[in-house]
Amino acid sequence: MVATKEERIERRDKRIRKSREGVEGGFDYSLLLITFCIIGFGMLMIYSASSYSAQVKYDDSTFFLRRQAINVLLGCVAMLAATKFNYKLFIKPFTALRIRLVQVLFLGALMIQALVLFQGGALNGANRWLKIGPISFQPSELTKVVVILMVAYYLCSIPQRFIEWKRMLRIFIPVLILILLVAKEDLSSAIVIFFTAWIICVVVARKKMPYLGLLGVGGLFGYLYVFYLGKGFRAERIEIWKNPESHPKGAQIVHGLYAIASGGIFGSGLGESMQKLGFLPEPYNDMIFSVICEELGLVGAGLVILMFILLCWRIYLIAMRAPDLFSSLICVGVLAHIALQALMNIAVVTNTIPSTGIPLPLISYGGSSVIFMMAEIGIVLGISARTGLEGRN
């Protein structure tokens, strides 16, 4: 006998309830272990890639390693705080005006992104940094977290009976404001933010066509911005990507490709990179994957990619077993953010796409990136603690 739709839904809900029985209060130690394995490996490669440059510039081969260690410690504090923080407080009204924390964070991100236009410090042709006293950070990293929370909140708050284009407009109009502000300072981060928000929406949408249309519009806008409106260093990056060997500033890409080619299958050995010895500019930053390929070969590069796959897989499992839609969409956003940045960084190093300035997550040298990404993973760990994933596959 063919089961009715109501019976199928009831059986599905019964299976979900059964899978969660007796597993409340768990914690996904596998995700925590993978995260620290990637961070530990990143610390090792930062020391290997930066020791020569640090010795020449600062007469201290551990200069960048020690600074990254401080960033990781701050990231651990952010991760612990995010793990203990109840994610439901992001969308719980806390005033008589029914203002939510996620809305406050959104307004804060808007103000910070606007402020960086006037006070940002120029670096490699872009104003990406905001200095507040002795502290400097990239506001776009905070914006990525805020957009994940905001899109997840709006998708949960809009009734399902609304047709898709109305849902899309309500979500992407505020997101578009942030994207335009970020694009003025950092186009690559704006691309990551757009696709992260888009992926979250597509995952939950019943009708995919409106979002496919939005993707086309976003792609057209990006093309026009880069090739017709993006003068200066952005247009120059396109020229470098097309002809890195003939361009005066194409040394980074050329020597990165040399590093990958010379590594072979097993690499030249840890610490034995030649391209980091003054040939590859700042090899500990965005181009660290090329040093990994040179020293550890395709085997080492494959292991790095495998670690990111395992990291995303654990986050995917948490998303599937999250206690509510809001927490599930947060996990989807974090997964999309990590996967997009890893793919874009590897694509830049292999000269598949133009240089973007996107770091390799949890591995490249940098404070803002590692701190905020560890905070995102902390939120996911907090969600896992409320669903009991430990010990389950």
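Definitions and limits used
Residues numbered from 1 in each chain as written. Predicted model: local features only at pLDDT ≥ 70, side-chain atom pairs only at ≥ 80, totals over all residues. Heavy atoms only, no water. Helix = DSSP H or I, 4+ residues; strand = E, 2+ residues; numbered from the N terminus. Buried < 20%, exposed > 50% of the residue type's maximum accessible area, 1.4 Å probe, protein only. Contact = heavy atoms within 4.5 Å. Areas by Shrake-Rupley, 256 points an atom, 1.4 Å probe, with all protein chains shown as cover. Patch = residues over 30% accessible without salt bridge, like charges linked within 9 Å, V, L, I, M, F, W, Y side chains within 5 Å. Salt bridge = Lys/Arg side-chain N within 4 Å of Asp/Glu carboxyl O. Phe/Tyr/Trp six-rings, centres within 6.5 Å; stacked < 30°, edge-to-face > 60°. Expected span 1.5 Å × (residues − 1). Bend = angle between axes of the 7 residues up to and from the residue. Axes fitted to C-alpha atoms, helices over the stretch in contact; angles between N-to-C directions. Parallel < 35°, antiparallel > 145°, perpendicular 65-115°, else oblique. Left-handed = near helix turned anticlockwise from the far one by under 90°. Nonpolar A, V, L, I, M, F, W, Y, C, P; charged D, E, K, R; others polar.

A.B. asks: Describe the overall build of the protein, and please don't skip the residues or the numbers.
C.D. replies: Looking only at helices and strands, the protein features 13 helices and three strands. Sorting the 393 residues of the protein into buried and exposed places 49% on the buried side. Sequence-distant contacts in the protein: of pairs separated by 6 or more residues, those separated by 24 or more amount to 72%. Here the protein has roughly 19300 Å² of accessible surface; of this, 67% comes from carbon and sulfur atoms.

A.B. asks: Give a detailed account of a nonpolar patch on the surface, specifying residues and quantitative values.
C.D. replies: The grouping of Ile265, Phe266, Leu298, Val299, Leu303, Ile305, Leu306, Ile309 and Leu310 at the surface amounts to a nonpolar patch, some 870 Å² of accessible area in total. Counting through the fold element by element, Val299 comes out in helix H11 (residues 288-320).

A.B. asks: Summarise the packing of aromatic side chains; cite the residues concerned and give the values.
C.D. replies: Under the criterion given, the structure shown has 13 aromatic pairs. With centroids separated by 5.3 Å and ring planes inclined at 85 degrees, the aromatic side chains of Phe64 and Tyr365 adopt a geometry described as edge-to-face. Here Tyr365 lies in the loop between helix H12 (325-349) and helix H13 (367-385) and Phe64 lies in helix H3 (residues 63-84), a separation of 301 residues in the sequence. The class of Tyr365 is buried, set by a relative accessible area of 18%. The interplanar angle of 90 degrees and the centroid separation of 5.7 Å between the aromatic rings of Tyr284 and Tyr365 together place this pair among those described as edge-to-face.

A.B. asks: Can you explain the environment of Met373? Please cite residues and give values.
C.D. replies: Along the polypeptide, Met373 turns up in helix H13. The class of Met373 is buried, set by a relative accessible area of 1%. Between the C-alpha atoms of Met373 and Lys144, which are 229 residues apart in sequence, the distance is 9.3 Å. Once you skip the residues sitting within four places of it in the chain, Met373 turns out to touch His337, Ile338, Gln341, Pro361 and Leu362.

A.B. asks: Describe in detail the environment of Ala336, supporting the description with residues and values.
C.D. replies: Its place among the elements puts Ala336 in helix H12. Assessed through its relative accessible area of 5%, Ala336 is described here as buried. For Ala336 and Ile200, which are 136 residues apart along the polypeptide, the C-alpha to C-alpha distance reads 8.0 Å. Apart from residues no more than four positions distant in its own chain, Ala336 is found in contact with Thr196 and Ile199.

A.B. asks: Describe H11, naming the residues involved and giving the relevant values.
C.D. replies: Over its 33 residues, H11 extends only 33 Å from the first C-alpha to the last, a length that falls short of the 48 Å expected when each residue adds 1.5 Å. If you look at H11, its biggest bend is around 125 degrees, right at Leu296.

A.B. asks: Would you mind going over the packing of helix H10 (residues 251-263) against H11 in detail, with residue names and values included?
C.D. replies: Where H10 contacts H11, the two axes come as close as 7 Å, and the packing angle between them is 20 degrees. With respect to H11, the element H10 is oriented roughly parallel. For H10 against H11, the interelement crossing comes out left-handed. Residue-level inspection shows Gly256, Ala259, Ile260, Ser262 and Gly263 of H10 in contact with H11, the latter providing Ser290, Cys293, Glu294 and Gly297. Residue composition of the contact of H10 with H11, by class: three nonpolar, five polar and one charged.

A.B. asks: Could you give an account of the pattern of salt bridges, with specific residues and numbers?
C.D. replies: Evaluation of the coordinates by the stated rule reveals four salt bridges. As a salt-bridge pair, Glu141 and Lys144 come within 3.3 Å of each other at their nearest N and O atoms. Of this pair, Glu141 and Lys144 both sit in helix H5 (residues 139-157), separated by three residues, roughly a single helical turn. Given a relative accessible area of 3%, Glu141 falls into the buried group.

A.B. asks: Go over the packing of H11 against H12, please, and point to the residues and values.
C.D. replies: The contact between H11 and H12 brings their axes to 9 Å, and the two run at 165 degrees. With respect to their mutual orientation, H11 and H12 come out roughly antiparallel. Handedness of the crossing formed by H11 with H12: left-handed. Here Phe289, Ser290, Ile305, Phe308, Leu311, Cys312, Ile315, Tyr316, Ile318 and Ala319 of H11 lie close against H12, whose contacting residues are Ser328, Cys331, Val332, Val334, Leu335, Ile338, Ala339, Ala342, Asn345, Ile346 and Val349. Among the residues forming the contact of H11 with H12, the class breakdown is 18 nonpolar, three polar and no charged.

A.B. asks: Tell me what's going on with unusual backbone geometry, and back it up with residues and numbers.
C.D. replies: Phi is positive for Asn351, close to 60 degrees, though the residue is something other than glycine. For Asn351, the position within the fold is in the loop between H12 and H13.

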